[in-house]
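# Structural characterization, general
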Amino acid sequence: MTVEACRIRAPNAAKADPNSEEIENLKEAYKIVKAIVKTINDMMELQKLENFPEIISNQGKLVLHGNLSCSEEPSDQPQKFREYKVFLCEQSIIFADIIPRKNPYSDDTFIYRVILR
């Protein structure tokens, strides 16, 4: 839901001043809900990490996650790339192998490979 959608659904929206306190409260609530949803999605992504030898919450807040392609060959040879899942946390960077989903209703899983501190 966008802020514009909130504005339309607000009580007395047709009469409300776009800079009114009510609209500002809705905008602030939207930002908070958006941050909560992002945090939950990030935590769900971390839950797919298997064989991690430590307590994941000890790594600090998850700052960023995504896929990283790395070359396995020296630069003078034909490049063969391998894709890893990378979790950038406040305390560390975690690399994991990506295990593709087995069916359209499941998610990829990640097998812990190495941690950098």
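Residues numbered from 1 in each chain as written. Predicted model: local features only at pLDDT ≥ 70, side-chain atom pairs only at ≥ 80, totals over all residues. Heavy atoms only, no water.

An unreviewed UniProt entry annotates the protein chain as SOS1/NGEF-like PH domain-containing protein originating from Megaselia scalaris.

## Details of the overall build of the protein chain
In plain terms, the rule: Counting from the N terminus, the helices are the DSSP runs of H or I reaching at least four residues and the strands are the DSSP runs of E reaching at least two. Exposure is judged per residue with a 1.4 Å probe applied to protein chains only, and the accessible area is read against the type maximum: over 50% gives exposed, under 20% gives buried, and values in between give partly exposed. Contact between two residues is taken to exist if any of their heavy atoms lie within 4.5 Å; hydrogens are not considered. The Shrake-Rupley method, run with a 1.4 Å probe sphere, supplies the accessible areas, and residue values consider only the shown protein chains as cover.
Within the protein chain, the secondary structure is distributed over two helices and five strands. Written out in order from the N terminus, the α and β elements of the protein chain read α-α-β-β-β-β-β. The buried share of the protein chain, taken over its 117 residues, is 21%. Considering only residue pairs separated by 6 or more positions, the protein chain has 40% of its internal contacts joining residues 24 or more positions apart. With the model as given, the accessible surface of the protein chain reaches about 8700 Å², and the carbon-plus-sulfur share is 56%.

## Thoughts on the packing of aromatic side chains
Here the distance between the centres and the angle between the planes together describe a pair of aromatic rings. Filter applied, for reference: Stacked, edge-to-face and tilted are the three classes for Phe, Tyr and Trp ring pairs, Trp counted by its six-membered ring, which pair at centre distances within 6.5 Å; planes under 30 degrees apart are stacked, over 60 edge-to-face, the rest tilted.
Inspection of every chain in the model, using the stated rule, returns two aromatic pairs. Here phenylalanine 52 and tyrosine 112 contribute two aromatic rings whose centre-to-centre distance is 5.2 Å and whose plane-to-plane angle is 80°, an arrangement assigned as edge-to-face. On the criterion of sequence distance, the pair formed by phenylalanine 52 in the loop between strand S1 (49–50) and strand S2 (62–71) and tyrosine 112 in strand S5 (residues 109–116) is long-range, its members being 60 residues apart. For phenylalanine 52, a relative accessible area of 14% puts it in the buried group. The interplanar angle of 75° and the centroid separation of 5.8 Å between the aromatic rings of phenylalanine 87 and phenylalanine 110 together place this pair among those described as edge-to-face. A residue pair is termed long-range when its members are at least 10 positions apart, and phenylalanine 87 in strand S3 (residues 81–89) and phenylalanine 110 in strand S5 qualify at 23 residues. With respect to burial, phenylalanine 87 and phenylalanine 110 carry one shared label: buried.

## Looking at helix H2 (residues 21–47)
Definition in use: What a helix is expected to span follows from its residue count: subtract one and scale by 1.5 Å.
Here H2 is 27 residues long and its end C-alpha atoms lie 39 Å apart, about the 39 Å a rise of 1.5 Å per residue gives. For H2, the full list of buried residues reads Ile23, Asp42, Glu45 and Leu46.

## Notes on the side chain of aspartate 42
Counting through the fold element by element, aspartate 42 comes out in helix H2. According to the relative accessible area criterion, aspartate 42 is buried, its value standing at 9%. Beyond its immediate stretch of four places on either side in the chain, aspartate 42 contacts Leu62 and His65.

## Concerning the sheet that holds S3
Convention followed: By the convention used here, strands pair only if DSSP detects at least 2 bridges between them. To get an axis, fit a line to the C-alpha atoms, keeping to the stretch in contact for a helix; angles then go from 0 to 180 degrees between the N-to-C directions.
Strand order across the open sheet formed by five strands is S1-S5-S4-S3-S2, with mixed pairing between neighbours. Here the strands that pair on one side only, and so sit at the sheet edges, are S1 and S2. Sheet strands touched by H2: S1, S2, S3 and S5. Its angle to S2, the strand with the most contacts, is close to 45°.

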